[in-house]
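Structure assessment
Below, each chain spelled out in residue letters.
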Amino acid sequence: MSEGQAPPPPQPEGEQECMCTQDKVLQFLNKMADESGIKDLTDLALAEFLSDSDALKGIRDLFHYPKAGTLPDVDPTLVDPESDSIYLCGNSLGLMPKVTEEVMKEHLEKWAKMGVFGHMSGEVPWAHSDEHCLEGVGRLVGAKKEEVSVCNSLTVNIHVLLAAFYKPTETRHKILLESKAFPSDHYAIESQIRMKGRTVQDSMVCLEPRDGEETLRTEDILDYIDKNGDEIAVIWFSGIQYYTGQLFDMKAITEAGHRKGCLVGFDLAHAFANVPLHLHWWDVDFAAWCSYKYGCTGAGSIAGLFVHERFLHDKRDRMLGWWSHKMSSRFTMDNVLDLDEGAAGYRISNPPIHCVAAMLGSLKVFDQVPLEYLRSRSCYLTGYLEYLVKTLFGENSEQRTTKLSISIITPEDFHQRGCQLSLKFSSPIDVIYPELVKRGCAVDKRYPNVIRVAPVHLYNNYVDVRRFISVLQEVAHIVEDHA
Ligand SMILES: Cc1ncc(COP(=O)(O)O)c(C=O)c1O
Ligand SMILES: Nc1c(O)cccc1C(=O)C[C@H](N)C(=O)O
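Reading guide: rules and limits
Residues numbered from 1 in each chain as written. Chains lettered and ligands numbered in written order. Predicted model: local features only at pLDDT ≥ 70, side-chain atom pairs only at ≥ 80, totals over all residues. Heavy atoms only, no water. UniProt positions renumbered as here; feature names shortened; annotations may be inferred. Near = heavy atom within 4 Å. Polar contact = N/O pair within 3.5 Å; in protein donor to acceptor, adjacent residues only side chain to side chain. Areas by Shrake-Rupley, 256 points an atom, 1.4 Å probe, with all protein chains shown as cover. Nonpolar A, V, L, I, M, F, W, Y, C, P; charged D, E, K, R; others polar. Phe/Tyr/Trp six-rings, centres within 6.5 Å; stacked < 30°, edge-to-face > 60°. Helix = DSSP H or I, 4+ residues; strand = E, 2+ residues; numbered from the N terminus. Buried < 20%, exposed > 50% of the residue type's maximum accessible area, 1.4 Å probe, protein only. Lys NZ or Arg CZ within 6 Å of the ring centre and 35° of its normal.

In the annotation of an unreviewed UniProt entry, the entry for the chain reads Kynureninase, and the organism field reads Caenorhabditis brenneri. Annotation of the chain in UniProt includes, under Cofactor (unreviewed entry), the sentence "pyridoxal 5'-phosphate".

Here it is, written out as structure tokens:
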């Protein structure tokens, strides 16, 4: 470790953070049923008891939680507009921390009072504002400050990283990604391949799940890399797959890629602030993320990127701007680049203070409650949702009272998922979805037939989950009556 460098982030305890299982969730529910005297595990009263007993229930009060009446397509004859909405859409856009308002106001007032002098004044000078996020964001992704930059938006950062790290040769020119990657990743990779003089047909490999399966098996990913890695320049996977909710084994994929000489990177849009990450220890080469989902920074807010410490002094060609230049001489403006080290050298523009303010606000929440504690809460919240869906909508469940059945395409293994469950319906979602929304549910549909539901460990509780199931039951009967 060189002079003055921060110590590496804590090494993960053992192999797997989350030790939760369906059995542990069931044991927990039965224990709470015994304590409360509420015997029916599907009873709303038990959900209320679970929420009241939740040691982390107070975190919800750190957020603005939308009322049903403020959601655009709610039918006030079907739900009390003053009641809390059933907001289970944090996998698309996280809710607003109340503290963010204060941080935003602080910088708006500074702008009003001192204009340009805000760049270099105050506790958080605008020109240094991105640096003030590095420690907190580094903790969330398991990285040293030197390995992280807070900059741009996600897909832009994908381009920044691939522009620098995707260097195809005649023998090693392929980029491996999961099939049905998020469209923005897919297009970014197609364009990077073309711009480097290769063809998508020859150089883009989208790994498909087995026939009849929704998710990729880790062993199949590793096997493909082992057999074909010599032709692969870059492996670019999502950390959590946006459609299925699958959390990929980033450590194993990275090890497999490195054994074959591949560079390995991840799109952490759905993993950032959702599950604990250890990018430094997993030896990931580079990664990028947006912050507006579980990071709760607001639509389109500032993204981030990671470049492993092994590239700290690496001067490879990349997309440059004045913010790539070391701060110590940046304002000399002699147009002689003094490239910054590590992830800082991948920045291009000066930081947008209002977006950085939102990141600073969110980090104030994560300073109060470590992600490791939230991950445990998340496992039980999502495990509870899974239990209710399987019990009340499972195709073979004796307690199913509706013709409508629901299957869960997200892996059952807690090590292979975060907050989100992707629910597959036996009826068209175009009929079901509007009825959910009328009743105050905020969830999102992803064609062809999935509705994604994400009880978020920051601001959701067991009552939100149970209320969602009640609305599902109501809608299922409506859909059947009109079938
Ligand atoms: C996996 C994934 N990648 C990329 C994006 C797009 O990112 P942005 O529009 O912030 O560049 C999203 C959605 O926001 C996403 O879910
Ligand atoms: N960024 C979005 C937007 O501007 C409109 C609608 C959705 C989004 C999203 O972020 C989509 C999200 N990445 C997803 O997984 O679907």
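Having seen the model, we can carry on.
Points about the site of ligand 2
Taken together, the residues surrounding ligand 2 are Ser92, Phe182, Tyr242, His270, Tyr292, Lys293, Arg446 and Arg452. Between ligand 2 and the protein, one listed contact pairs a nitrogen atom with a side-chain N or O atom of Lys293 at 2.7 Å. In this structure, Arg446 approaches ligand 2 through a side-chain N or O atom, which is 2.5 Å from an oxygen atom. Its free accessible area being 380 Å², ligand 2 has 56% of it covered by the protein chains. Broken down by class, the residue content of the shell around ligand 2 amounts to three nonpolar, two polar and three charged.

Here we look at the packing of aromatic side chains
Enumeration over the complete set of coordinates arrives at 16 aromatic pairs. Between Phe28 and Tyr380, the aromatic rings sit 5.1 Å apart at their centres with planes inclined by 65°, giving edge-to-face as the arrangement. Note that Phe28 is positioned in helix H1 (residues 22–36) and Tyr380 in helix H13 (residues 371–393), a separation of 352 residues in sequence. On the numbers, 6.3 Å between centres and 65° between planes, the contact of Tyr242 with Tyr243 is edge-to-face. Residue Tyr242 is classed as buried on the basis of its relative accessible area, which comes to 14%. For Tyr243, a relative accessible area of 3% corresponds to the buried category. Ring-pair connections join several aromatic residues into one group, and the members of that group are Phe165, Trp236, Phe286, Phe311 and Tyr346. The ring of Trp323 has Arg330 lying over it, and the distance from NZ or CZ to the ring centre is 3.8 Å.

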